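So the chains spell out like this:
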Amino acid sequence: MKRINLFLLMFVLLISTKIVKAQEDGNKLKLSGELLTDQRFLLDSPHDWAWNENRLTLKFDKRITDNSKFYSEVWLRNIGLPKICSSADLYNKGIIDPYNLEVREAYVQLFGFLTPNLDVKIGRQRIAWGTADKLNPTDNLNPYDLEDILDFGRHRGSDAISLEYYFNSEFSLQGVYIPIFQPANMPVGIFANALTPSMELPQGMILKNFTDTILIPNYDLDESSTAGIKFKGFASGFDFSMSYVWGRDGMPIAFYNTFIPVDTIGGVCINSQLSFYRTHIFGVDMAGGIGGVGVWAEAAAFLPENEVVMKNDLTALYPLSPVPVIQDSIVLKKEAYVKYVVGADYNFANGAYLNFQFMHGFINESGKDALNDYFFLRFEKKFFEDKLKLAPIGGGFIVSDWDDVKNNYAIVYIPEISYMATDNAEITLSAAIFDGKGNNMFANLKDYSMMMFKLKYSF
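Residues numbered from 1 in each chain as written. Predicted model: local features only at pLDDT ≥ 70, side-chain atom pairs only at ≥ 80, totals over all residues. Heavy atoms only, no water.

The helix and strand inventory of the chain stands at two helices and 24 strands. Projected onto the principal axes, the alpha-carbon positions of the chain cover approximately 115 × 60 × 50 Å. Looking at the chain residue by residue over its 459 residues, the buried ones come to 38%. Surface exposure of the chain reaches about 25500 Å², of which carbon and sulfur atoms provide 61%. (Helix = DSSP H or I, 4+ residues; strand = E, 2+ residues; numbered from the N terminus. Buried < 20%, exposed > 50% of the residue type's maximum accessible area, 1.4 Å probe, protein only. Areas by Shrake-Rupley, 256 points an atom, 1.4 Å probe, with all protein chains shown as cover.)

The following block contains the structure:
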């Protein structure tokens, strides 16, 4: 009996030691991340270097107790090409070797806050809503990060408070409050003018110079705040959600243009004032599977809080006029417009994968009459135990006017080949070929077709 009791005691002590060690290991700070190099050059002569980025991503994750955890994601990057204009620039390492440090996320999550069913996140966080593949019309809490126009769906984090209440394992309600408004950041490098709309001038006018002034909302609880609520659940094999966001569009819109003559032959300088309009966004989405095919659908109705009227001040062009000469035009009506995405994907038994999406309304388009149609398709196949992946079909077809497609379209073709050199090192070679006509974002890139090389090492 004593031997049995001694054996049981030793067994309990051994198990207890393993549990304590497991808990200690679980509370350790976990570090993960990746090293990415992304190099691109133009296909058309003179084959200029189009993109240079070397990014170190560091993710810190620590479960402090059973009821809380800390998470952070940081980017340390060397990005862009040196822009040396004078010998003085040689003394500035930031110009010779441009780099930046960006805190993408940094928050604390509290589990079972006040009640066992309530979780709270406080800090900078990425709050991703929507079920479509990268392009999500309901994902409107975080500002768009449009730095790389080919990195679809990228957002920056927001300083926010997020509360999520779980009714059970299938249904929950999330509320988000963001006190400070953050606009979208625009594309850089060769993509800088991709989202710039064309400006039609009256006959006889020649644009010589353009300047603008952006009016940021006051940093107070009324003007700068963004809030959202989302109910999500699972039923009959499908995830679904309904959401509402009270916020501002992150893309500025012009509301006042001042025309100033600069010569006697029609040359003008235009100063434009831009602002960010307040809007209500009602969203729904779903995702699931039908007979082995993954399907999803997502839609968002945008209702501007006020009509946006653009005033063109031509007074300086008519110095003899006794009254100001101002022409008004409506650029955004106070009426709802809907952006939506539907898509499907399928994994074949032979290692092939097919993905298709149709989208109405891109991220930079606002108003019922300004929404274009986008068709995206990707086919890929893996070989040699999934080490080699070929994607001969990838890209999209865009139509901006169905009544005159041949003069209002864009084609994006992105074939790709990637190889897993090791379990955590992937080498990718691809091309991005653009063509099109008309006033469309991707048609504006038709002179910037490029080759792309990427190396991603995860750890």
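There is more to say after this.
We now examine the nonpolar core. Grouped together as the largest cluster of nonpolar side chains are 36 residues, with contacts concentrated most on Phe191, Phe362, Phe434, Phe442 and Met450. When neighbours within four sequence positions are excluded, Phe434 is seen to be in contact with Leu150, Ile411, Val412, Phe442, Leu445, Lys446, Tyr448, Ser449 and Met450. Judged by nonpolar contacts, the second largest core, of 16 residues, contains Ala160, Val245, Ile253 and Ile281. (Core = buried A, V, L, I, M, F, W, Y, C linked by side-chain atoms within 4.5 Å. Contact = heavy atoms within 4.5 Å.)

All told, the structure shown has 22 aromatic pairs when counted by the stated rule. Taking the centre distance of 5.1 Å and the plane angle of 40° together, the rings of Tyr244 and Phe282 count as tilted. With Tyr244 in strand E10 (residues 238–248) and Phe282 in strand E13 (residues 278–290), this residue pair connects regions lying 38 residues apart in the sequence. Overall, Tyr244 belongs to the partly exposed group, its relative accessible area being 27%. Three or more aromatic residues joined by ring pairs make a cluster, and in this case those are Phe152, Phe362, Tyr374, Phe376 and Phe442. Of note, Arg104 hangs over the ring of Trp75, and the distance from its end group to the ring centre comes to 3.9 Å. (Phe/Tyr/Trp six-rings, centres within 6.5 Å; stacked < 30°, edge-to-face > 60°. Lys NZ or Arg CZ within 6 Å of the ring centre and 35° of its normal.)

This paragraph deals with the environment of Gly204. With respect to the helices, strands and loops of the structure, Gly204 is situated in the loop between strand E7 (171–178) and strand E8 (206–215). The class for Gly204 is exposed, based on a relative accessible area of 55%. In this structure, the C-alpha to C-alpha distance between Gly204 and Lys389, residues 185 residues apart in sequence, is 55 Å. Gly204 has contacts with Ile265 and Gly266, leaving out every residue within four places of it along the chain.

So, on to unusual backbone geometry. Although it is not a glycine, Leu114 adopts a positive phi angle of roughly 70°. Residue placement: Leu114 occurs in the loop between strand E4 (99–110) and strand E5 (118–125). Look at Leu114 and you get exposed, because its relative accessible area is 78%. Despite not being glycine, Lys134 shows a phi value in the positive range, around 70°.

Pairing is mixed across the open sheet formed by five strands, whose spatial order is E8-E12-E11-E15-E16. In this open sheet, the two strands that pair with only one neighbour each are E8 and strand E16 (326–332). Here the average twist between neighbouring strands, direction ignored, is 20°. (Pairing = 2+ DSSP bridges. Axes fitted to C-alpha atoms, helices over the stretch in contact; angles between N-to-C directions.)

Applying the stated criterion across every chain yields a total of one cavity of 30 Å³ or more. Taken together, 29 residues make up the lining of the largest cavity; nearest its centre are Asn140, Tyr144, Arg248, Asp249 and Gly250. Going through the elements one at a time, E10 and E13 are the ones with two or more residues in the lining of the largest cavity. Of the residues forming the lining of the largest cavity, the biggest block, three residues, is contributed by E10. Partitioning the lining of the largest cavity into residue classes produces 16 nonpolar, ten polar and three charged. (1 Å grid on protein atoms, 1.4 Å probe; cavity = no way out; pocket = protein on both sides within 12 Å on 5 of 7 lines; lining within 4 Å. Points joined across faces, edges and corners; volume = space filled by probe spheres on them. Nonpolar A, V, L, I, M, F, W, Y, C, P; charged D, E, K, R; others polar.)

On the surface, a cluster of nonpolar side chains totalling about 650 Å² of accessible area is made up of Phe41, Leu43, Trp49, Leu81, Phe397, Ile411, Tyr413 and Ile433. Mapping Trp49 onto the fold places it in strand E2 (residues 49–65). (Patch = residues over 30% accessible without salt bridge, like charges linked within 9 Å, V, L, I, M, F, W, Y side chains within 5 Å. Salt bridge = Lys/Arg side-chain N within 4 Å of Asp/Glu carboxyl O.)

In this section: the side chain of Asp89. With respect to the secondary-structure elements, Asp89 resides in the loop between strand E3 (68–79) and helix H2 (93–96). At 11 Å, Lys83 is the nearest oppositely charged side chain to Asp89, a buried residue that forms no salt bridge. Sequence-distant contacts of Asp89, that is, excluding residues within four places in its chain, are made with Lys83, Ile84, Ile95 and Ile96. (Lys, Arg positive; Asp, Glu negative; His and termini not counted.)

Now for the pattern of salt bridges. Applying the stated rule across the entire model yields 19 salt bridges. Arg40 is the partner of Asp38 in a salt bridge, and the nearest nitrogen-oxygen pair spans 2.7 Å. Residue Asp38 shares its accessibility class with Arg40, and that shared class is buried. Each of Glu53, Arg55, Arg77, Glu102, Arg104, Asp145, Glu147, Asp151 and Arg154 takes part in a single network of salt bridges with overlapping partners.

Turning next to the layout of surface pockets. The gaps left among the atoms become clear once a water-sized probe is rolled over them. There is about 1600 Å³ of room inside the second largest pocket. In terms of lining, the second largest pocket is formed by 46 residues, of which the most central are Lys134, Leu150, Asp151, Phe152 and Lys454. Along the lines of polarity and charge, the residues of the lining of the second largest pocket split into twelve nonpolar, eleven polar and 23 charged.

The share of residues in the chain with pLDDT of 70 or more is 93%, and the mean pLDDT across the chain is 91. The low-confidence segment residues 11–16, where pLDDT is below 50, has zero contacts with residues more than four positions distant or belonging to other chains. (pLDDT = per-residue confidence, 0-100.)

The next subject is the pairing of strand E20 (residues 388–399). The two faces of the sheet receive side chains in turn, since in a regular strand these alternate between them. Judged from the ten bridges that link them, strand E19 (residues 373–383) and E20 form a sheet pairing that is antiparallel. Of the residues in E20, the one forming a bridge with Phe376 is Gly396. Linking E19 to E20, which pair antiparallel, is a turn of four residues; within it Phe384 sits at a positive phi near 50°.

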